[in-house]
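Here is how the chains run, residue by residue.
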Amino acid sequence: MYFIRQFALQSSRRRRSAASPFRHANKHSSNMPDDSKQMASLDTSVHSAGIEEVHNVPMSVIKRPIPSVLDELKVLSLMDTIKSERSEAEVPPVDILWITGSEGGDYYFSFGGCHRFEAYKRLNRETIKAKLVRSTLGDLYHYMGSSAPKYLA
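The structure displayed is predicted, hence computed values, not measured ones.

Engineer: Explain the packing of aromatic side chains to me, and be specific about the residues and the numbers.
Structural biologist: Going through the model one piece at a time under the given rule, you end up with two aromatic pairs. Between the aromatic rings of W98 and Y108, the centroid separation amounts to 6.2 Å while the plane-to-plane angle is 25°, which identifies the pairing as stacked. Placement of the pair is W98 in strand β3 (residues 94-100) and Y108 in strand β4 (residues 106-109), with a sequence separation of 10 residues. Relative accessible area serves as the criterion here: at 5%, W98 is assigned to the buried category.

The following block contains the structure:
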């Protein structure tokens, strides 16, 4: 994991720490069992390997331009886990690409974590735990190709 974290930080144009407009989620709460704290350190992806901060991002600001293909049983299982206050901490955060528009404004795109996103949505949660990955419009083109917006105001 150390190698991946170092590799991701060195090869990334993204800034490690940026002022987020969202409040921080308490990822390592004191009531988590010790083994859950150890597992929480593995809650990462290639994109967010160097990002420790977890935020509560409003569901309403997240754009998901690619339709999800969902496993219904997985969504239902996640909903049960999220409903339980004790086990909700075990659900890893989703990665969100955070792009600042050319004239200001913040845009949030999510491509992975579709089962987690759907579970939070069905439970009518206002926020979802997320790692904000500072990105550019060029990064967005990697996901969306020619469907990506040309400019974000």
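Read on for the rest.
Engineer: Outline the packing of helix α3 (residues 72-83) against helix α5 (residues 114-122), listing residues and values.
Structural biologist: Where α3 contacts α5, the two axes come as close as 9 Å, and the packing angle between them is 60°. The angle between the axes of α3 and α5 places the two elements in the oblique class. As α3 packs across α5, the resulting crossing turns out to be right-handed. For the pair formed by α3 and α5, the contact residues are E72, K74, V75, L76, L78, M79 and I82 on the first element and H115, R116, E118, A119, Y120 and R122 on the second.

Engineer: Now, about the pairing of strand β5 (residues 127-134): what can you tell me, with residues and values included?
Structural biologist: Two faces, one strand: in a regular strand the side chains alternate between the faces of the sheet. Across the eight residues that make up β5, a large majority, seven, are buried. As paired elements, strand β1 (residues 55-58) and β5 share four bridges and run antiparallel to each other. Bridge assignment links H55 to a residue of β5, and that residue is A130. For β3 and β5, the ladder comprises five bridges, and the chain directions are parallel. Looking across to β5, one finds that D95 is bridged to K131.

Engineer: Go over the nonpolar core, please, and point to the residues and values.
Structural biologist: V57, I96, I128 and L132 are the most contacted members of the largest nonpolar core, which has 19 residues in total. Going through the elements one at a time, α3, β3, α5 and β5 are the ones with two or more residues in this core. With four residues, the single largest contributor to this core is α3.

Engineer: Explain α3 to me, using residue names and the numbers behind them.
Structural biologist: Compared with the 16 Å implied by 1.5 Å per residue over 12 residues, the 17 Å span of α3 between its first and last C-alpha is a close match. Its side-chain oxygen at 3.1 Å from the backbone nitrogen of L73, D71 defines the N-terminal cap of α3.

Engineer: Describe in detail unusual backbone geometry, supporting the description with residues and values.
Structural biologist: One non-glycine residue, N124, lies in the positive phi region at around 55°. Topologically, N124 is positioned in the loop between α5 and β5. Relative accessible area serves as the criterion here: at 66%, N124 is assigned to the exposed category.

Engineer: Residues and numbers for the sheet that holds β4, please.
Structural biologist: Read from one edge of the open sheet, five strands run β1-β5-β3-β4-β2, paired in mixed fashion. Of all strands in the sheet, those bounded by a partner on one side alone are β1 and β2 (62-63).

Engineer: Can you break down the confidence of the model for the protein residue by residue, with the values?
Structural biologist: Considering every residue of the protein, the mean pLDDT works out to 79; 71% of them sit at 70 or more. Predicted confidence is poor over residues 1-17, with pLDDT under 50, and the contacts of this stretch with residues over four places away or in other chains come to 22 contacts. Between residues 27-41, whose pLDDT stays under 50, and residues either more than four places distant or in other chains, the model counts 17 contacts.

Quick notes on the rules
Residues numbered from 1 in each chain as written. Predicted model: local features only at pLDDT ≥ 70, side-chain atom pairs only at ≥ 80, totals over all residues. Heavy atoms only, no water. Phe/Tyr/Trp six-rings, centres within 6.5 Å; stacked < 30°, edge-to-face > 60°. Helix = DSSP H or I, 4+ residues; strand = E, 2+ residues; numbered from the N terminus. Buried < 20%, exposed > 50% of the residue type's maximum accessible area, 1.4 Å probe, protein only. Axes fitted to C-alpha atoms, helices over the stretch in contact; angles between N-to-C directions. Parallel < 35°, antiparallel > 145°, perpendicular 65-115°, else oblique. Left-handed = near helix turned anticlockwise from the far one by under 90°. Contact = heavy atoms within 4.5 Å. Pairing = 2+ DSSP bridges. Core = buried A, V, L, I, M, F, W, Y, C linked by side-chain atoms within 4.5 Å. Expected span 1.5 Å × (residues − 1). Polar contact = N/O pair within 3.5 Å; in protein donor to acceptor, adjacent residues only side chain to side chain. pLDDT = per-residue confidence, 0-100.

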